[in-house]
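Working through the structure, step by step
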Amino acid sequence: MIMLDFRIAGFDLLPDFIGYIIFFNSLGYLVSQSEFFDKAKNLSIAMIVFSLFTFYQKTNNMGNNYNFGNPVIFVIGLIALIVDLILVYNIFQGINQMASVQNKDYLINESDECWRYYLILCFLPLIAIILMFIPVVLVLFLICLIAFAIYVIYKIFKFMGKCSEELSMY
């Protein structure tokens, strides 16, 4: 869920583990509302640990920090992606459960839409791997991917704000 990655000399300027610590603390307030929030809170602990592995990543000569050649880093990244998807899914399901109890079906629909966009955003970078062999198309794809990522981030943040206003704790 932590979607921004800015690095200088391999160090993450916006460390993901800080975002997951915020998730952990925030979900602590919501666990009484849904078992999905409790599951997400527990998964955020795992993501704090996984994200510690990404705080520093040695860059290669081209300036990127992808470690496809290191099988340990690849497996950790794959597990972290799966855990992150389950965490985010549980957050959206917890919102759906709260909205259902309060008869706010329009929030369920919007939550499901945000989840689908997030899921798509997580898997779109795989297309970039295929497009590496067609540089012009890759550049255009990456521009579109960045635009889509900004849209998804905006949509999710706007939705979370709406939920904080319209869903009451019971």
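Residues numbered from 1 in each chain as written. Predicted model: local features only at pLDDT ≥ 70, side-chain atom pairs only at ≥ 80, totals over all residues. Heavy atoms only, no water.

Check the secondary structure of the chain and you find 6 helices and 2 strands. Looking at the chain as a whole, 38% of its 170 residues qualify as buried. (Helix = DSSP H or I, 4+ residues; strand = E, 2+ residues; numbered from the N terminus. Buried < 20%, exposed > 50% of the residue type's maximum accessible area, 1.4 Å probe, protein only.)

Between its first and last C-alpha, helix α3 (residues 71-101) extends 45 Å over 31 residues, near the 45 Å set by a 1.5 Å rise per residue. With its phi angle positive at about 55°, Asn103 sits one or two positions after the end of α3. (Expected span 1.5 Å × (residues − 1).)

For side chains bearing opposite charge, pairing can occur when the charged atoms are close. Scanning the model with the defined rule gives 2 salt bridges in all. A salt bridge links Glu110 to Lys162; its shortest N-O distance comes to 2.7 Å. With Glu110 in helix α4 (residues 105-123) and Lys162 in helix α6 (residues 135-166), this pair connects stretches of sequence that are 52 residues apart. (Salt bridge = Lys/Arg side-chain N within 4 Å of Asp/Glu carboxyl O.)

The end-to-end C-alpha separation of helix α2 (residues 35-52) is 27 Å, in line with the 26 Å expected for 18 residues at 1.5 Å each. Buried within α2 are the following residues: Phe36, Phe37, Ala40, Leu43, Ser44, Met47, Ile48, Phe50 and Ser51. Buried residues belonging to α2 abut α1 (16-30) and α3. Sitting at the head of α2, Ser34 places a side-chain oxygen 3.0 Å from the backbone nitrogen of Phe36. (Contact = heavy atoms within 4.5 Å. Polar contact = N/O pair within 3.5 Å; in protein donor to acceptor, adjacent residues only side chain to side chain.)

A contiguous nonpolar surface patch, about 740 Å² in accessible area, is contributed by Leu119, Phe123, Leu126, Ile129, Met132, Phe133, Ile134 and Val137. With respect to the secondary-structure elements, Leu126 resides in helix α5 (residues 125-131). Accessibility expressed as a relative area gives 49% for Leu126, which makes it partly exposed. (Patch = residues over 30% accessible without salt bridge, like charges linked within 9 Å, V, L, I, M, F, W, Y side chains within 5 Å. Areas by Shrake-Rupley, 256 points an atom, 1.4 Å probe, with all protein chains shown as cover.)

Further remarks concern the nonpolar core. Counting residues in each nonpolar core, the largest one holds 41 residues, and the members touching the most others are Leu87, Phe92 and Ile95. Of all the secondary structure elements, the ones that give two or more residues to this core are α1, α2, α3, α4, α5 and α6. Top element by residues in this core is α3. It accounts for 11 residues. (Core = buried A, V, L, I, M, F, W, Y, C linked by side-chain atoms within 4.5 Å.)

So, on to the side chain of Ser51. Inspection of the secondary structure assignment puts Ser51 in helix α2. Not counting residues within four places of it along the chain, the set of residues in contact with Ser51 comprises Asp16, Phe17 and Tyr20.

Both the distance between ring centres and the angle between the ring planes are used here to describe each pair of aromatic rings. For the structure shown, the criterion picks out 7 aromatic pairs. Clustering of aromatic rings is evident, with ring pairs tying together Tyr89, Phe92, Trp115, Tyr118 and Phe159. (Phe/Tyr/Trp six-rings, centres within 6.5 Å; stacked < 30°, edge-to-face > 60°.)

The residue Asn103 is not glycine, and still its phi comes out positive at about 55°. With respect to the helices and strands, the residue Asn103 is situated in the loop between α3 and α4. In this structure Asn103 comes out as exposed when scored by relative accessible area, which is 66%.

Moving on: the packing of α1 against α2. For the pair α1 and α2, interaxial distance at closest approach is 8 Å and the crossing angle is 165°. On the basis of the axis angle, α1 is roughly antiparallel to α2. Handedness of the crossing formed by α1 with α2: left-handed. The residues of α2 that touch α1, namely those facing Asp16, Phe17, Tyr20, Ile21, Phe23, Phe24, Leu27, Gly28 and Leu30, are Phe37, Ala40, Lys41, Ser44, Ile45, Met47, Ile48, Ser51 and Leu52. Here the contact of α1 with α2 is composed, by residue class, of 13 nonpolar, 3 polar and 2 charged. (Axes fitted to C-alpha atoms, helices over the stretch in contact; angles between N-to-C directions. Parallel < 35°, antiparallel > 145°, perpendicular 65-115°, else oblique. Left-handed = near helix turned anticlockwise from the far one by under 90°. Nonpolar A, V, L, I, M, F, W, Y, C, P; charged D, E, K, R; others polar.)

Before going further, it helps to spend a moment on the confidence of the model for the chain. Of the residues in the chain, 87% have a pLDDT of 70 or more, and the chain-wide mean is 87. Taking the mean pLDDT of every element in the chain, the minimum, 68, falls on strand β1 (residues 7-8) and the maximum, 97, on α4. (pLDDT = per-residue confidence, 0-100.)

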